[in-house]
Amino acid sequence: MIRPIKRKSMKIRPSGRSSDFISPSFGFGCLLECTYCYMKRHKPVGLDYATNVNEILDEINRHSLFANVKKPNQTHPKYITYDIACNEDFALHSKYYDWVNIFEFFREHPIAMGTFATKIIPRQFLKYNPEQKIRIRFSLMPQVLSDVLEPNTSYIIDRIRAVDTFVEAGYDVHLNFSPVVYFDNWLDEYRKLFRMVEENVKNKEQVLSEVIFLTHNVKKHKYNIGNNIGDESLLWNPEIQEQKQSQYGGDNIRYRWYLKRDMINDFKEQHNDVIPWNTIRYIF
């Protein structure tokens, strides 16, 4: 079900990872079926999209005027960054919004910048030049994982090849290695992924990245099993994972800290060996 709603909550939350803050959602839900999606534990199907977009933008404007953020920081050297699509794939759902109005708000704003991650290639955005005030974060994982865990999304090689196109169209573009999933021969597959990036991205000095290791959720795990979605053996491995309660009360599991420490080191070593120009802003 796709339905228009008036967004009631205008709460802006701190982030500190890929953005300084998380804005009120323009959309809640997703029309993709990625098996690891944390948002779908709350809304398994459908999409609610906000009709009061200008009210959300007004709130971002008010918030930015009083936000106490020291620059430069890991999210941007100059601008205060707002993730505008924490609960959806904004690029996929953009036809439900006046996305040009949203992009123009950020382009013209003196201190605020918008950012979002996506698993598709939003070619409709190429007709607009946001002058580096919109950051697109293309999510990447080995294709063998993407085939199983994020069906009906753009091919990984196509996302990588789109990087230069969007950089040249005026977008700030980052790579989002997320979620990083441990499986047999995982380093070999990620090394192949890094080679694809190295061979197909020419605007090397402009492209940074973020790395987020898998966190899975008990509720989502049960939903996937009950609906025969994906391959839970890739996501649910209690022998190498530990319980983690999210700040919002969710029952999650993540890789055990001492294993994750080694995984991070191995990931960085492979990454830096193949694409040393691609600076990792953070690993989580």
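Throughout what follows, the structure given in this document is the object of discussion.

Reading the values: rules and limits
Residues numbered from 1 in each chain as written. Predicted model: local features only at pLDDT ≥ 70, side-chain atom pairs only at ≥ 80, totals over all residues. Heavy atoms only, no water. Buried < 20%, exposed > 50% of the residue type's maximum accessible area, 1.4 Å probe, protein only. Helix = DSSP H or I, 4+ residues; strand = E, 2+ residues; numbered from the N terminus. Pairing = 2+ DSSP bridges. Patch = residues over 30% accessible without salt bridge, like charges linked within 9 Å, V, L, I, M, F, W, Y side chains within 5 Å. Areas by Shrake-Rupley, 256 points an atom, 1.4 Å probe, with all protein chains shown as cover. Salt bridge = Lys/Arg side-chain N within 4 Å of Asp/Glu carboxyl O. Axes fitted to C-alpha atoms, helices over the stretch in contact; angles between N-to-C directions. Parallel < 35°, antiparallel > 145°, perpendicular 65-115°, else oblique. Left-handed = near helix turned anticlockwise from the far one by under 90°. Contact = heavy atoms within 4.5 Å. Nonpolar A, V, L, I, M, F, W, Y, C, P; charged D, E, K, R; others polar.

## Quick notes on the pairing of strand β8 (residues 134-140)
Burial within β8 is extensive, with 7 of its 7 residues counted as buried. Here β8 shows two buried faces, one formed by Ile134, Ile136, Phe138 and Leu140 and the other by Arg135, Arg137 and Ser139. Pairing of β8 with strand β9 (residues 172-180) involves 6 bridges; the strand directions are parallel. Bridge pairing in β9 links Arg137 to His174.

## Things to note about a nonpolar patch on the surface
Side chains of Leu65, Phe66 and Ile111 sit close together on the surface and give an oily, nonpolar patch of about 340 Å² of accessible area. Residue position: Leu65 is located in helix α1 (residues 53-66).

## Overview of the sheet that holds strand β4 (residues 27-29)
Pairing is mixed across the open sheet formed by 3 strands, whose spatial order is β1-β5-β4. Edge positions in the sheet fall to β1 (2-5) and β4, since each has one partner strand and no second. Each strand axis lies, on average, 20° off the axis of its neighbour in the sheet, ignoring direction.

## Quick notes on the packing of helix α5 (residues 156-168) against helix α6 (residues 186-200)
Interhelical geometry of α5 versus α6 gives an angle of 30° and a closest axis separation of 9 Å. In terms of orientation, α5 and α6 fall into the roughly parallel class. Seen from above, α5 lies across α6 with right-handed handedness. On α6, the residues that touch Ile156, Ile157, Ile160, Arg161 and Asp164 of α5 are Leu193, Met196, Val197 and Asn200. Taken together, the residues of the contact of α5 with α6 break down into 6 nonpolar, 1 polar and 2 charged.

## Considerations on unusual backbone geometry
Going from Lys71 to Pro72, the amide bond is cis rather than trans, its omega being 0°. With respect to the helices, strands and loops of the structure, Pro72 is situated in the loop between α1 and β6 (80-83). Pro179 follows Ser178 through a cis peptide bond whose omega is -15°. Note that Pro179 resides in strand β9. Residues other than glycine seldom take positive phi values, yet Glu131 does so here, at roughly 55°. Here Glu131 is to be found in the loop between β7 (112-118) and β8. Positioned with a positive phi, Asn185 is a non-glycine residue whose angle comes to about 65°. Considering the arrangement of structural elements, one finds Asn185 in the loop between β9 and α6.

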